[in-house]
Amino acid sequence: MRLDKYLKISRIIKRRTVANEAADAGRITVNGKVAKPSSDVKAGDVLEIRFGAKTMRVRVESVAEFAKKEDAAAMYTLLSGEV
């Protein structure tokens, strides 16, 4: 699944365009490498997202095309930072 779509569906970032802009600005890494919005995300990947001075690290647990609001948090495990 595309990185920008995953971030929106898992509700880590509320809008896909915002996820796109963050990736284009180089603020998102996948397994330690700077990621583009179209980067492939799969279970087991570690994402690091920088929001200004804060950094959030999450491990991808599952990838789904659709997720209800209450199920979205189960798609990742928070390693450090805050949602």
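Being a predicted model, the structure only gives us computed values, none of them experimental.

1. Some thoughts on the sheet that holds strand S1 (residues 28–30)
Backbone hydrogen bonds hold the strands of a sheet together, and the pairing may be parallel or antiparallel.
Here comes step 1: Strand order in the open sheet made by the 5 strands is S2-S1-S3-S4-S5, with antiparallel pairing throughout. The open sheet has two edge strands, strand S2 (33–34) and strand S5 (76–80), and neither has a second partner.
Here comes step 2: Bridge count for strand S3 (residues 46–51) against strand S4 (residues 54–60) is 6 bridges, and the pairing is antiparallel. Within S4, the position partnered with leucine 47 by the bridge is valine 58.

2. Let's talk about unusual backbone geometry
Here comes step 1: Of note, arginine 11 is a non-glycine position whose phi angle comes to about 65 degrees, a positive value.
Here comes step 2: According to the relative accessible area criterion, arginine 11 is partly exposed, its value standing at 32%.
Here comes step 3: If you check the backbone angles, asparagine 31 has positive phi at about 55 degrees while not being a glycine.
Here comes step 4: Among the secondary structure elements, asparagine 31 is positioned in the loop between S1 and S2.

Here is what the cut-offs are and how they apply
Residues numbered from 1 in each chain as written. Predicted model: local features only at pLDDT ≥ 70, side-chain atom pairs only at ≥ 80, totals over all residues. Heavy atoms only, no water. Pairing = 2+ DSSP bridges. Helix = DSSP H or I, 4+ residues; strand = E, 2+ residues; numbered from the N terminus. Buried < 20%, exposed > 50% of the residue type's maximum accessible area, 1.4 Å probe, protein only.

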